[in-house]
Amino acid sequence: MKLACIDIGLKRIGMAISLQGNIVTPLPAVLRKNRNQASNDVKKALKEWDIDKLIIGFPSASDDMQKRIEHFTKLLDLDIPYEFQEENMSSIEAEELIKGEIKYKRDGRIDSLAAKIILERFLSK
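All figures in this text were calculated on a predicted structure; none of them were measured in a lab. (Residues numbered from 1 in each chain as written. Predicted model: local features only at pLDDT ≥ 70, side-chain atom pairs only at ≥ 80, totals over all residues. Heavy atoms only, no water.)

## Some thoughts on the packing of aromatic side chains
Here's step 1: According to the stated counting rule, one finds two aromatic pairs in the structure shown.
Here's step 2: Measuring from centroid to centroid gives 4.6 Å for F58 and F84, while their planes differ by 45°, and the two rings are tilted. With a gap of 26 residues between them, F58 in strand 4 (residues 53-58) and F84 in strand 5 (residues 82-86) connect regions that are remote in the sequence.
Here's step 3: Residue F58 is classed as buried on the basis of its relative accessible area, which comes to 16%.
Here's step 4: Between Y82 and F84, the ring centres sit 5.8 Å apart and the planes meet at 80°, which makes this aromatic pair edge-to-face.
Here's step 5: When its relative accessible area of 31% is taken as the criterion, F84 is described as partly exposed. (Phe/Tyr/Trp six-rings, centres within 6.5 Å; stacked < 30°, edge-to-face > 60°. Helix = DSSP H or I, 4+ residues; strand = E, 2+ residues; numbered from the N terminus. Buried < 20%, exposed > 50% of the residue type's maximum accessible area, 1.4 Å probe, protein only.)

This is the structure in structure tokens:
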């Protein structure tokens, strides 16, 4: 089963995929200009990779962010199954992974690494 994971943020949406087994690869993040553009870009990537199921990072700590994520999920108008996965600390873990390796830029690499971590958590359940 081909899986994808998104880590939804206000400025960027991190993406990662697993096409077979437990190998997870981060994809370039979607830079958000507006909700519709971002949801269309995510849908396009899901189609491009022929994804069977989407895993969506979901924070347990923030009610506001949970509502935003649920709203964005509705905008995706998915025709594949999806599931929410706890995402707590995934961005901090991603930052730790690349500390010192690259100059910290807000280009989405950390967001996609966070999506990779969330998908790996899902696969290890």
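## A few points about the packing of helix 1 (residues 35-48) against helix 2 (residues 63-76)
Geometrically, a packed helix pair is captured by the angle between its two axes and the distance between the axes.
Here's step 1: Remark: helix 1 packs on helix 2, axes separated minimally by 9 Å, with the N-to-C direction vectors making an angle of 60°. If you check the angle between helix 1 and helix 2, you find them oblique. The interaxial crossing formed by helix 1 with helix 2 has right-handed handedness. For the pair helix 1 and helix 2, contact is made by R35, N36, A38, S39, V42 and K43 and by H71, F72, L75 and L76, respectively.
Here's step 2: For the contact of helix 1 with helix 2, the residue count by class is five nonpolar, three polar and two charged. (Axes fitted to C-alpha atoms, helices over the stretch in contact; angles between N-to-C directions. Parallel < 35°, antiparallel > 145°, perpendicular 65-115°, else oblique. Left-handed = near helix turned anticlockwise from the far one by under 90°. Contact = heavy atoms within 4.5 Å. Nonpolar A, V, L, I, M, F, W, Y, C, P; charged D, E, K, R; others polar.)

## Things to note about unusual backbone geometry
Here's step 1: Positive phi is not limited to glycine here, since D50 has a value of about 55°.
Here's step 2: Examined against the element boundaries, D50 turns out to sit in the loop between helix 1 and strand 4.
Here's step 3: Classification of D50 as partly exposed rests on a relative accessible area of 49%.
Here's step 4: Of note in this structure, D77 is not a glycine but carries a positive phi near 45°.
Here's step 5: Along the polypeptide, D77 turns up in the loop between helix 2 and strand 5.

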